[in-house]
Amino acid sequence: MIDDTRTTKHFCQHTGTGEIFVVELTWNRIVVGSYGPVPADDLRPPESYICTTKINAWLEIQKEMLIMI
């Protein structure tokens, strides 16, 4: 059974622009929050970023261009 209340944060990179984002997902891969873009030369652990829903709609449109890094 999957606990859909637990989340994890990952770095994702946009393959077109190279920008890096933090994406917070439930264990069943639903995006609940995001943060970014994050400067590549100033990355901290993904858990240290406070994710919001501000860019989630844009990330949903761009999801085919995002790869987890």
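Residues numbered from 1 in each chain as written. Predicted model: local features only at pLDDT ≥ 70, side-chain atom pairs only at ≥ 80, totals over all residues. Heavy atoms only, no water.

(A) Representation of the confidence of the model for the protein in the model. Considering every residue of the protein, the mean pLDDT works out to 92; 94% of them sit at 70 or more. Mean pLDDT across the elements of the protein bottoms out in helix α1 (residues 56-62) (91) and peaks in strand β1 (residues 7-14) (96). (pLDDT = per-residue confidence, 0-100. Helix = DSSP H or I, 4+ residues; strand = E, 2+ residues; numbered from the N terminus.)

(B) Molecular detail of the environment of W58. Among the structural elements, W58 can be located in helix α1. Take W58: its relative accessible area is 35%, and that puts it in the partly exposed class. Between the alpha carbons of W58 and I20 there is a distance of 14 Å; along the sequence they are 38 residues apart. With sequence-adjacent residues up to four places away left out, W58 is seen in contact with H14 and F21. (Buried < 20%, exposed > 50% of the residue type's maximum accessible area, 1.4 Å probe, protein only. Contact = heavy atoms within 4.5 Å.)

(C) Spotlight on the sheet that holds strand β4 (residues 66-68). Strand order across the open sheet formed by four strands is β3-β2-β1-β4, with antiparallel pairing between neighbours. For this open sheet the edge positions go to β3 (31-38) and β4, each flanked by a neighbour on one side alone. Taken pair by pair, the neighbouring strands of this sheet meet at an average axis angle of 35 degrees, ignoring direction. Pairing between strand β2 (residues 20-26) and β3: five bridges, direction antiparallel. Within the sheet, the bridge partner assigned to I20 lies in β3 and is V38. (Pairing = 2+ DSSP bridges. Axes fitted to C-alpha atoms, helices over the stretch in contact; angles between N-to-C directions.)

(D) Highlighting the pattern of salt bridges. By the definition in use, this model includes one salt bridge. The salt bridge involving K63 is made with E60; its shortest N-O contact spans 2.8 Å. Overall, the relative accessible area of 45% leaves E60 in the partly exposed class. (Salt bridge = Lys/Arg side-chain N within 4 Å of Asp/Glu carboxyl O.)

(E) Spotlight on unusual backbone geometry. Of note, the bond from G36 into P37 is cis; its omega dihedral lies within 30 degrees of zero at 10 degrees. Within the secondary structure, P37 is located in strand β3. Of note in the backbone geometry, R29 takes a positive phi value of approximately 70 degrees without being a glycine. Along the polypeptide, R29 turns up in the loop between β2 and β3.

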